[in-house]
Amino acid sequence: MTEIDLVNVFTHMGAGGNPCPIVVDASSLSTEGMQSVARRFGHESGFVLPASSGDADYIFRFWVPRHEMEMCGHATIGALWLLATRGLLSGEQVRIETRSGAVTGYVDRDSSGEPSVEISQPVGKVVDLSRTEEEDVLSVLKLSRRDLLDLPVQNAVTSRVKTLIPMKGVRELNALVPAPVRIEACCERIGSTGLYPYAVDHQGEQRFEARQFPKSSGYPEDAATGIAAAALAFGLLRNGLVARNSERITIMQGRTMGALSEIRVRLGFADSRPVGCLLGGSVARVESQILQL
């Protein structure tokens, strides 16, 4: 029997967020068992395993219905939050081994004792798409250059490559209708794991809105995508849309899905040079289930 906790990660004012099944003790699960959890729930799912060496405290693995993922931001945050609420963490800093590399988790407690979680991401790399690649993306989303800000369409990555599309406004962003089959083919051609159109909500407050159309996860859209938001933060920095400091950047996502979510990113600098970021957000438990897998 396997205990599965369903949590919502990146909630906004107690609602929304990305649903995520978490198994905090997956040591007895096969890879087929892990994938069956993702298929059963239809969401990105996280699995906590004991560390294989002294270089990490845990191994985290992630699955969507169709395949295993190298890294999942909201599942990492959700798993750390669950471990913290159960008193299973030995300290406030946690070393995690993932298929995309090492991740550090930071767990604090607020005045009520509720865990607050942030995870590290490496410095982002941002590359402008070629004209041909850009036209490919716009065609798939049924857009023209007139629908965009005067900024490039870019591939950006911290852990997974996302394609950043600078929409003119939030209204235009939320009018998009994804076409999953065409999006998957386009992402394959441009070397991306998802299209991430975004718009400026309030530049002075460093607040933006975005949508994630994944390449091949088994569903057309995500309510909140931490790894994409981390990549976007470096795109915003590259394009001069956020200040060169560590003030919070807020990315809202999931509005069209009826699950408005809030992702928080803080860029890190050394002598004005970006060196990485911290990704965080609020978590709420939904339910626990015991299943025979």
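Everything here concerns the structure above.
Residues numbered from 1 in each chain as written. Predicted model: local features only at pLDDT ≥ 70, side-chain atom pairs only at ≥ 80, totals over all residues. Heavy atoms only, no water.

1. Focus on the overall build of the protein chain
Okay, step 1: Helices and strands together make up the secondary structure of the protein chain, namely 6 helices and 17 strands.
Okay, step 2: Against the 2.2 N^0.38 benchmark of 19 Å for 293 residues, the protein chain shows a C-alpha radius of gyration of 18 Å, consistent with a compact globule.
Okay, step 3: For the protein chain, the spread of C-alpha atoms along the principal axes amounts to about 55 × 45 × 35 Å.
Okay, step 4: Put simply, the protein chain has 293 residues, and 55% of those count as buried.
Okay, step 5: Surface exposure of the protein chain reaches about 12,500 Å², of which carbon and sulfur atoms provide 47%. (Helix = DSSP H or I, 4+ residues; strand = E, 2+ residues; numbered from the N terminus. Rg over C-alpha atoms; globule rule 2.2 N^0.38 Å. Buried < 20%, exposed > 50% of the residue type's maximum accessible area, 1.4 Å probe, protein only. Areas by Shrake-Rupley, 256 points an atom, 1.4 Å probe, with all protein chains shown as cover.)

2. Describing the packing of aromatic side chains
Okay, step 1: Taken as a whole and assessed by the stated rule, the structure comprises 2 aromatic pairs.
Okay, step 2: An aromatic cluster of three or more residues is present, and its members are Tyr58, Phe60 and Phe62. (Phe/Tyr/Trp six-rings, centres within 6.5 Å; stacked < 30°, edge-to-face > 60°.)

3. Things to note about unusual backbone geometry
Okay, step 1: The residue Lys142 is not glycine, and still its phi comes out positive at about 55°.
Okay, step 2: The exposure class of Lys142 is exposed, given its relative accessible area of 73%.

4. Digging into the pattern of salt bridges
Okay, step 1: For the structure on display, the rule yields 19 salt bridges.
Okay, step 2: Arg266 is the partner of Glu118 in a salt bridge, and the nearest nitrogen-oxygen pair spans 2.6 Å. In this pair, Glu118 sits in strand E8 (residues 115-122) while Arg266 sits in strand E16 (residues 261-270), placing the two residues 148 residues apart along the sequence.
Okay, step 3: The exposure class of Arg266 is partly exposed, given its relative accessible area of 34%.
Okay, step 4: One salt-bridge network, held together by shared partners, links Glu3, Asp5, Arg86 and Arg285. (Salt bridge = Lys/Arg side-chain N within 4 Å of Asp/Glu carboxyl O.)

5. Brief notes about the side chain of Thr98
Okay, step 1: Along the chain, Thr98 turns up in strand E6 (residues 93-98).
Okay, step 2: Looking at Thr98, the relative accessible area reads 9%, which means it is buried.
Okay, step 3: Separated by 3.1 Å, the side chains of Thr98 and Ser100 make a polar contact.
Okay, step 4: At a separation of 2.7 Å, a polar atom in the side chain of Thr98 contacts the main-chain carbonyl oxygen of Gly101.
Okay, step 5: Those residues in contact with Thr98 that sit more than four places away from it in its chain are Phe60, Phe62, Glu70, Met71 and Val103. (Polar contact = N/O pair within 3.5 Å; in protein donor to acceptor, adjacent residues only side chain to side chain. Contact = heavy atoms within 4.5 Å.)

6. Remarks on the nonpolar core
A general tendency of soluble globular proteins is for nonpolar side chains to be buried together.
Okay, step 1: Of all hydrophobic cores here, the largest spans 59 residues; its most connected members are Phe60, Tyr196, Ile249 and Ile251.
Okay, step 2: Ranked by residues supplied to this core, first place goes to helix H6 (residues 226-238) with 10 residues.
Okay, step 3: When neighbours within four sequence positions are excluded, Phe60 is seen to be in contact with Phe47, Val48, Thr76, Ala79, Leu80, Leu83, Ile96, Glu97 and Thr98.
Okay, step 4: Grouped together as the second largest cluster of nonpolar side chains are 19 residues, Leu148, Cys186, Ala199 and Phe213 included. (Core = buried A, V, L, I, M, F, W, Y, C linked by side-chain atoms within 4.5 Å.)

7. What to know about the packing of helix H3 (residues 131-140) against helix H5 (residues 180-190)
Okay, step 1: It is at 10 Å that the axes of H3 and H5 come closest, and there the two elements cross at 170°. As far as their axial angle goes, H5 and H3 are roughly antiparallel. Across the interface between the two elements, Glu133, Asp136, Val137, Ser139 and Val140 from H3 touch Arg182, Ile183, Cys186, Arg189 and Ile190 from H5.
Okay, step 2: Residue classes in the contact of H3 with H5 are distributed as 5 nonpolar, 1 polar and 4 charged. (Axes fitted to C-alpha atoms, helices over the stretch in contact; angles between N-to-C directions. Parallel < 35°, antiparallel > 145°, perpendicular 65-115°, else oblique. Nonpolar A, V, L, I, M, F, W, Y, C, P; charged D, E, K, R; others polar.)

8. Notes on the pairing of strand E7 (residues 101-109)
Okay, step 1: Summarising the sheet, E6 and E7 pair through 6 bridges and their orientation is antiparallel. Of the residues in E7, the one forming a bridge with Glu97 is Ala102.
Okay, step 2: Counting the residues between successive antiparallel strands, the hairpin from E6 to E7 contains 2 residues.
Okay, step 3: In terms of strand pairing, E7 meets E8 through 5 bridges, oriented antiparallel. Paired with Tyr106 across the two strands is Glu118, which belongs to E8. (Pairing = 2+ DSSP bridges.)

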